[in-house]
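Structure at a glance
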Amino acid sequence: MGGLASAQVALAAGPILQVTADGTSSVRPSWSPDGTHIAFQTSQDNAYRIYVMAADGSDRRLVSQGSVDDRHPAWSPDGKILAVDTGTDLKREVALIDTTTGARTQITSMDAFASFPSWSPDGNRLSFYVYQKGNLDIFTVSMDGSNLVKMTQTLASENKSQCTFACHAATWSPDGSRLAYADGDQTKVFTMRSDDGTDQQKVSHDDPTGRSHFPLYLSDGRLAYVTEHINPGQSWTDIWAVTPGGSQAPAALLHDVQVQGPFEFSPDGQRLLFSSPRNGNLDIYVATLDAAGKDALKKLSSETERSPALAAAGHPTGLSTTGQPTTVQAAPGAAAGPQPGTAIQPGAAPPIASAPTGSASDILPAGISPYVLALGGLALIWIVVEGVMIARRRTRRRSTPSNGQ
């Protein structure tokens, strides 16, 4: 109770609170089922580790143990287990980690690139993506590793120049009957039956000026998704909610926000969780969804506040997750981007170096939003990364036996 009260007091300090400030890449945050804790991944030693912390950034503890690269944590419905994908940049599998004991259990043996696990509401099954032989598809599996089901048939293909890196979880409806996901072009959101992948239905509204993806079911059964717009001189994000199968137009949950997705809504629907480079480094933020929070999300990094718990928890700016001082600065004129040896996760933006001292108005061309430049830079980096990874995979396939394993 004391920890929860502390989190509530800290979160009340401002509409947008920064809850990590380590000088590393902290991304893919996930709410615990009761909304009191956050699981996330942080870059460390050229890999990612999973941490859990209170919602105000305090009480941080390491969940990943040993020499591992764990990503995309997802809480089980009872809050006792985290599902992650773990492995290398060529092969990954889904594993379960007991949040109390740290015990690990690998539940897939795909011999491929499995990523983004997501729990069914009853905690008995998980969905996840598999990249193999140039194609990306959605699978489901029982939590004991049995009953593997392929849900889609070539959701995305390199041959069609589609995105074969999953960048969001396929999320379950509250009753567990359907899964929501984005198409291979990351422009439309669909749902399908969760038992066999049939009855695929488009639920997003067509928007030729934006990319619609990152679906997430809300507790009331509605489906939220993100539409991102990047145009010359301006950029913005909208979050919509639709009732699958209904006839009503999508309702705008958030409009014209200066934050990229993906997002997570707290279980009570009152807070928004996301990672962002808005202050020069990829960190995790919690925003209130009242009028003040919605207004702050439309503004840039100067509108955010550091959570008081950051210093109290021993993780002020300039300390790494190991407690050692770090320096994250870019030389004047240097381009932001990943440093040599930095691990880059599929579906997440690479780390961005801190900007040189000075205000945005001192270094940016007039009329250009820092948000536009940041997204443009991230998009360019991601295109390069995608091309390199595809080339590596194709080379690997040419050197393997005909069974392709």
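Look up: the structure comes first, before these words.
Residues numbered from 1 in each chain as written. Predicted model: local features only at pLDDT ≥ 70, side-chain atom pairs only at ≥ 80, totals over all residues. Heavy atoms only, no water.

Some remarks on the pattern of salt bridges
Where charged atoms of side chains with opposite charge meet at close range, the side chains can pair. All chains considered together, the criterion is met by 13 salt bridges. For the salt bridge of D69 with R92, the shortest nitrogen-to-oxygen distance reads 3.8 Å. Of this pair, D69 sits in the loop between β5 (61–62) and β6 (70–75) while R92 sits in strand β8 (residues 92–98), and the two are 23 residues apart along the sequence. Per residue, the accessibility class of D69 equals that of R92, and both read buried. Taken together, the shared-partner salt bridges in this structure form one network comprising D69, R71, D85 and R92. (Salt bridge = Lys/Arg side-chain N within 4 Å of Asp/Glu carboxyl O. Helix = DSSP H or I, 4+ residues; strand = E, 2+ residues; numbered from the N terminus. Buried < 20%, exposed > 50% of the residue type's maximum accessible area, 1.4 Å probe, protein only.)

As for the state of the cysteines
By definition, a disulfide links the sulfur atoms of two cysteine residues through a covalent bond. By the definition in use, this model includes zero disulfides. The cysteine C163 is free of any disulfide, with C167 supplying the nearest cysteine sulfur at 5.3 Å. (Disulfide = S-S within 2.5 Å.)

Concerning the environment of V19
Relative to the elements of secondary structure, V19 occurs in the loop between β1 (16–18) and β2 (26–31). Each C-alpha atom, one on V19 and one on S275, is 9.9 Å from the other, the two residues being 256 residues apart in sequence. Not counting residues within four places of it along the chain, the set of residues in contact with V19 comprises M53, A55, D56, G57, R60, I284, Y285, V286, S307 and L310. (Contact = heavy atoms within 4.5 Å.)

Some details on the environment of H72
Tracing the chain through its elements places H72 in strand β6. Residue class for H72 comes out buried when judged on its relative accessible area of 5%. Between the alpha carbons of H72 and V84 there is a distance of 5.5 Å; along the sequence they are twelve residues apart. Looking at H72, its side chain comes within polar contact range of the side chain of D85, at 2.6 Å. (Polar contact = N/O pair within 3.5 Å; in protein donor to acceptor, adjacent residues only side chain to side chain.)

Considering the nonpolar core
With 22 residues, the main nonpolar core has I239, F265, L272, F274 and L297 as its most contacted residues. Those elements that place two or more of their residues in this core are β19 (211–217), β20 (223–231), β21 (234–242), β22 (251–257), β24 (271–276) and β25 (283–288). Among all residues touching L272, those that are not within four sequence positions of it are I239, L254, F263, E264, F265, Y285, V286, A287, L289 and L297. Judged by nonpolar contacts, the second largest core, of 17 residues, contains Y131, A156, A170 and W172. (Core = buried A, V, L, I, M, F, W, Y, C linked by side-chain atoms within 4.5 Å.)

Quick notes on the pairing of strand β10 (residues 113–119)
Most of β10 is tucked away: seven of the seven residues are buried. Both β10 and strand β11 (residues 125–132) contribute to a ladder of five bridges, which runs antiparallel. Looking across to β11, one finds that F113 is bridged to Y131. The turn joining β10 and β11, which pair antiparallel and follow one another in sequence, is formed by five residues; a positive phi near 75 degrees is taken by G123. (Pairing = 2+ DSSP bridges.)

Describing the environment of K298
For K298, the position within the fold is in the loop between α2 (291–296) and β26 (305–306). For the pair K298 and D256, spaced 42 residues apart in sequence, the C-alpha separation works out to 6.1 Å.

Thoughts on the sheet that holds β20
What links the strands of a sheet is backbone hydrogen bonding, and the strands pair in either a parallel or an antiparallel sense. Read from one edge to the other, the open sheet built from four strands follows the order β19-β20-β21-β22, with strand pairing classed as antiparallel. Looking at the sheet topology across the chains shown, the edges are occupied by β19 and β22. On average, adjacent strands in this sheet sit at an angle of 20 degrees to one another, irrespective of strand direction. Alignment of β20 against β21, held across nine bridges, turns out to be antiparallel. Of the residues in β21, the one forming a bridge with A224 is A241. (Axes fitted to C-alpha atoms, helices over the stretch in contact; angles between N-to-C directions.)

Looking at the sheet that holds β1
Judged by pairing direction, the sheet is mixed, and its five strands sit side by side in the order β23-β24-β25-β1-β26 without closing on themselves. Of all the strands in the sheet, the pair left with one neighbour each is β23 (264–265) and β26. When β1 meets β26, the two strands line up parallel, connected through two bridges. What sits directly across from L17, in β26, is E305.

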